[in-house]
Amino acid sequence: MALKTSFMVQTFSIHRKRLKPDRPELASTESGALKKAQAMSARMPGTAAIRIVADDETGELESATILGQFGEVPDDFAESLQS
């Protein structure tokens, strides 16, 4: 079992007066994800930088950690990462 760490930036848009996740974007490093999320927060209602650790062979999620949040992020966002 080989674990692989990935970094993502999740943006959120408002649809029908509710925050909805957009398509996540990959980042190459943790600091890159944080910088990208912070920069994108100027144009988006909310963004989050996330670290994902998953089994490289099966794709099974080991852990998901929010590195930083900027602007408005849904209250249940952290819970949704674990499911």
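Residues numbered from 1 in each chain as written. Predicted model: local features only at pLDDT ≥ 70, side-chain atom pairs only at ≥ 80, totals over all residues. Heavy atoms only, no water.

*Asks:* Could you give an account of the nonpolar core, with specific residues and numbers?
*Replies:* Ranked by size, the top nonpolar core spans nine residues in total: Met8, Phe12, Ala48, Ile50, Ile52, Ala64, Val73, Phe77 and Leu81. Secondary-structure elements contributing two or more residues to this core are β1 (3-15), β4 (46-55) and α2 (77-82). Of all the elements, β4 adds the most residues to this core, at three residues. Leave out the neighbours within four places in its chain, and methionine 8 touches Pro24, Glu25, Leu26, Ala27, Ala33, Ala48, Ala49, Ile50 and Ile52. Core analysis: the next-biggest nonpolar cluster, separate from the first, contains seven residues, Val9, Ala33, Ala37 and Met40 among them. (Core = buried A, V, L, I, M, F, W, Y, C linked by side-chain atoms within 4.5 Å. Buried < 20%, exposed > 50% of the residue type's maximum accessible area, 1.4 Å probe, protein only. Helix = DSSP H or I, 4+ residues; strand = E, 2+ residues; numbered from the N terminus. Contact = heavy atoms within 4.5 Å.)

*Asks:* Describe the pattern of salt bridges, with residues and values.
*Replies:* Once their charged atoms are close, side chains differing in charge can pair, the charge on each being opposite to the other. One pass over the structure, following the stated rule, counts two salt bridges. Here lysine 36 ties to glutamate 25 by a salt bridge, and the two come within 3.1 Å at their closest N and O atoms. Highlighted residues: lysine 36 in helix α1 (residues 30-40) and glutamate 25 in strand β3 (residues 25-27), separated in sequence by 11 residues. With a relative accessible area of 28%, lysine 36 lands in the partly exposed category. The residue arginine 51 makes a salt bridge to glutamate 30 at a minimum N-O spacing of 3.3 Å. Of the two residues, arginine 51 sits in strand β4 while glutamate 30 sits in helix α1, which places them 21 residues apart along the sequence. With a relative accessible area of 34%, glutamate 30 lands in the partly exposed category. (Salt bridge = Lys/Arg side-chain N within 4 Å of Asp/Glu carboxyl O.)

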